Amino acid sequence: MDVMQTIKDILQENLDIDPETVTAESTLDDLGIDSLDTVELICDLEERCNIEMGYPEGLNSIGDVVNYIENL
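Just so we're clear, the structure is a prediction, and the values are computed from it rather than from any experiment. (Residues numbered from 1 in each chain as written. Predicted model: local features only at pLDDT ≥ 70, side-chain atom pairs only at ≥ 80, totals over all residues. Heavy atoms only, no water.)

Digging into the confidence of the model for the protein chain
Of all residues in the protein chain, 100% attain a pLDDT of 70 or more, and the chain-wide mean is 96. At the low end of the mean pLDDT range in the protein chain sits helix α2 (residues 35-49), at 96; at the high end sits helix α1 (residues 3-15), at 98. (pLDDT = per-residue confidence, 0-100. Helix = DSSP H or I, 4+ residues; strand = E, 2+ residues; numbered from the N terminus.)

Okay, structure coming up:
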């Protein structure tokens, strides 16, 4: 599974964020993702990736999210 692509797809579908602007270094703030959007992103990732993320802390960038999921 390509976690980065899954994140890009979700962000494009839910928040109309251009996938080309999403990189590992992109912070959630840079992309305009607020706390409610983050919760929705986590829920969608759990569903699509068939994982349980719980309540992760310290996820500031897209790369942080990718690393967290890949290390589950």
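Details of the environment of Ala24
Along the chain, Ala24 falls in the loop between α1 and α2. A relative accessible area of 33% means that Ala24 is categorised as partly exposed. A C-alpha to C-alpha distance of 8.0 Å links Ala24 and Met4, two positions 20 residues apart in sequence. In contact with Ala24, other than residues within four places in its own chain, are Met4, Ser61, Ile62 and Gly63. (Buried < 20%, exposed > 50% of the residue type's maximum accessible area, 1.4 Å probe, protein only. Contact = heavy atoms within 4.5 Å.)

Examining the pattern of salt bridges
The tally for this structure, following the rule as stated, stands at one salt bridge. Glu13 is the salt-bridge partner of Arg48, the closest N and O atoms lying 2.3 Å from each other. Linking Arg48 in helix α2 with Glu13 in helix α1, this pair joins segments that are 35 residues apart in sequence. (Salt bridge = Lys/Arg side-chain N within 4 Å of Asp/Glu carboxyl O.)

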